[in-house]
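Fold and contact review
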Amino acid sequence: MPQPLPPLEQHPFLRGLSPEQLSAIACKVREQSFPAGALLLREGDPADTLYLVRSGKVVLEQNVPGRGPTLLETLKAGDILGLSWLFPPFRWHLDARAVESVDTFALDASCMRGPSPEHPVLEPALAMRLLRQLYDRLERVRLQRLDVYKAGA
Amino acid sequence: MSLDVPHVPGVAGPLTPEPLRVRSLRRETADTWTVSLDVSSRPGGFPFQPGQFNMLYVFGVGEVAISISGDPSRPAELIHTVRAVGATTRALCRVGRGGMLGVRGPYGRPWPLEEARGQDVVVVAGGLGLAPLRSVILHLLRHREKYGQVLLLVGARTPEDLPFRRDLERWQADSRLRVLVTVDKASPGWKEHVGVVPALLRDVAVDPARTVALMCGPEVMMRFTVRELERLGVPDARIHLSLERNMKCAVAFCGHCQLVPYFLCKDGPVFSYDRLRSFISLREV
Ligand SMILES: Cc1cc2nc3c(=O)[nH]c(=O)nc-3n(C[C@H](O)[C@H](O)[C@H](O)COP(=O)(O)OP(=O)(O)OC[C@H]3O[C@@H](n4cnc5c(N)ncnc54)[C@H](O)[C@@H]3O)c2cc1C
Ligand code: FES
């Protein structure tokens, strides 16, 4: 028997939000699963979803002309996937592929983009969570860019 | 346990290399070889403690510090793993089977494996930093009941740059260890993690009250990993790092390896982070 998946509010990205904040951020949410090998995001496609990864493993890929795809980062249960819906032109900048079958909550970006007059704390609460994710990713990318293992580096 | 080996230089005396014959050479990666030296002429073989290093002399070329990557409980086998980065290490990797190397050692302070008894051990290795930690893993496996959870986190630039792949495969299949491997960059087909080593710490349950962390790898990688361990609440005094500096004498004489108050050859190469904290971010002078 597969384990029942934890509810939306248990996902680390949303944990701690009030029920009102939660229903505003996730006003349109669906459960979405992908088999191993499937593309979750395709570079250039419209970006309108924030995926909360519940289980499985996703890898971000960058297609380098002449060299083919390069794997950049692995995301797993508890991670979020997809930030390009935040700013115009709202198109994915990378591919994301399921390394093994993946379960997600797919949150519609339309709930999160605009200001929410009914919930004045919503924007800062969400913004801080996103900022934290971006900051952590920036740190990781910096370290990766340093190419610290290269001989003679 | 093998930890009661006295910390004394080898029989050849502190500065005289002892000639030893290369028994075998095995390629680990494009630029890295594991070299086994014949110590059958030595009574008792070549005892060492995990984390110690030898000075290896390529006759007529030069001498370099290289960690002992073998099994501390098998002193009859003296094993080093060397990456060819410059004149001496390149020459070292070219000394074929049957060729001679000069060896003096073992030197340096080992990993605090006594202190880690009864604790969970998190081993973090970046690139060839796995060499001095391989002896730790072999030791932990041999004395498995004396330790709590054992976690090995390994990072490399690409899958092809991972040293000790056969060991890693074996350890990944061993239920007594949890092994996570990550690379900075990979091509499709790589099924393990992609990303930096500290990120692996997000995937494991670490009890900061009973964790001892041992790490070796590029210094920047270690600084990032320390930050992540601190975030998890592991005290600085239980985070241990092995550092590399240019070494010449290896007996605290020449000053080449000095890091502010410490001589790395004698006071290190293994230090707890509380001793290093204020020096490790200093640019080398
Ligand atoms: C305690 C200790 C343990 C060590 N253990 C090992 C070991 O187990 N295996 C091993 O291969 N090396 C190990 N080293 C590093 C090794 O001593 C150096 O790589 C070696 O001294 C380089 O000498 P060389 O004459 O070949 O290169 P050099 O001519 O001195 O250097 C050539 C180029 O390589 C760069 N370089 C030097 N060392 C490194 C390095 N470690 N990584 C990346 N680039 C480097 C230099 O900056 C330079 O650009 C250890 C060092 C210390 C201090
Ligand atoms: S190498 Fe000479 S003092 Fe350390």
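Residues numbered from 1 in each chain as written. Chains lettered and ligands numbered in written order. Predicted model: local features only at pLDDT ≥ 70, side-chain atom pairs only at ≥ 80, totals over all residues. Heavy atoms only, no water.

A separate point is the overall build of chain B. Counting secondary structure elements, chain B contains 7 helices and 15 strands. On C-alpha atoms alone, chain B measures out to a radius of gyration of 18 Å, which is about the 19 Å that the 2.2 N^0.38 rule sets for 285 residues. Structurally, chain B occupies a C-alpha span of about 50 × 45 × 40 Å along its principal axes. Burial analysis of chain B (285 residues in total) assigns 58% to the buried set. Long-range contacts, defined as pairs at least 24 residues apart, comprise 71% of the intrachain contacts of chain B with a sequence gap of at least 6. Looking at chain B as shown, the accessible area adds up to about 11700 Å², and 51% of this sits on carbon and sulfur atoms. Each charge sign in chain B was given a centre, from 37 positive and 29 negative side chains, and these centres are 3 Å apart. (Helix = DSSP H or I, 4+ residues; strand = E, 2+ residues; numbered from the N terminus. Rg over C-alpha atoms; globule rule 2.2 N^0.38 Å. Buried < 20%, exposed > 50% of the residue type's maximum accessible area, 1.4 Å probe, protein only. Contact = heavy atoms within 4.5 Å. Areas by Shrake-Rupley, 256 points an atom, 1.4 Å probe, with all protein chains shown as cover. Lys, Arg positive; Asp, Glu negative; His and termini not counted. Charge placed at Lys NZ, Arg CZ, Asp CG, Glu CD.)

Here the focus is the UniProt feature "domain: Cyclic nucleotide-binding" (unreviewed entry) in chain A. If you check UniProt for "domain: Cyclic nucleotide-binding" (unreviewed entry), the listed places come out as residues 13-82 of chain A in our numbering. Helix makes up 10% of residues 13-82 of chain A and strand 50%, with an end-to-end C-alpha separation of 13 Å. (UniProt positions renumbered as here; feature names shortened; annotations may be inferred.)

Residue and element names in this part refer to chain B. Inspection of the secondary structure assignment puts Glu-228 in helix α5 (residues 219-232). Exposure remark for Glu-228: the relative accessible area of 15% places this residue in the buried category. Every residue in contact with Glu-228, bar those within four places of it in the chain, is listed here: Pro-198, Leu-201 and Arg-202.

Residues and elements named next belong to chain B. Summarising burial for strand β2 (residues 32-38): 6 of the 7 residues are buried, a large majority. Note: strand β1 (residues 18-29) against β2, 7 bridges, orientation antiparallel. Paired with Arg-21 across the strands is Asp-38, a residue of β2. Connecting β1 to the next strand, β2, in antiparallel fashion are 2 residues. Bridging between β2 and strand β5 (residues 77-83) involves 7 bridges; their strand directions are antiparallel. In the strand pairing of β5, Thr-32 is matched with Arg-83. (Pairing = 2+ DSSP bridges.)

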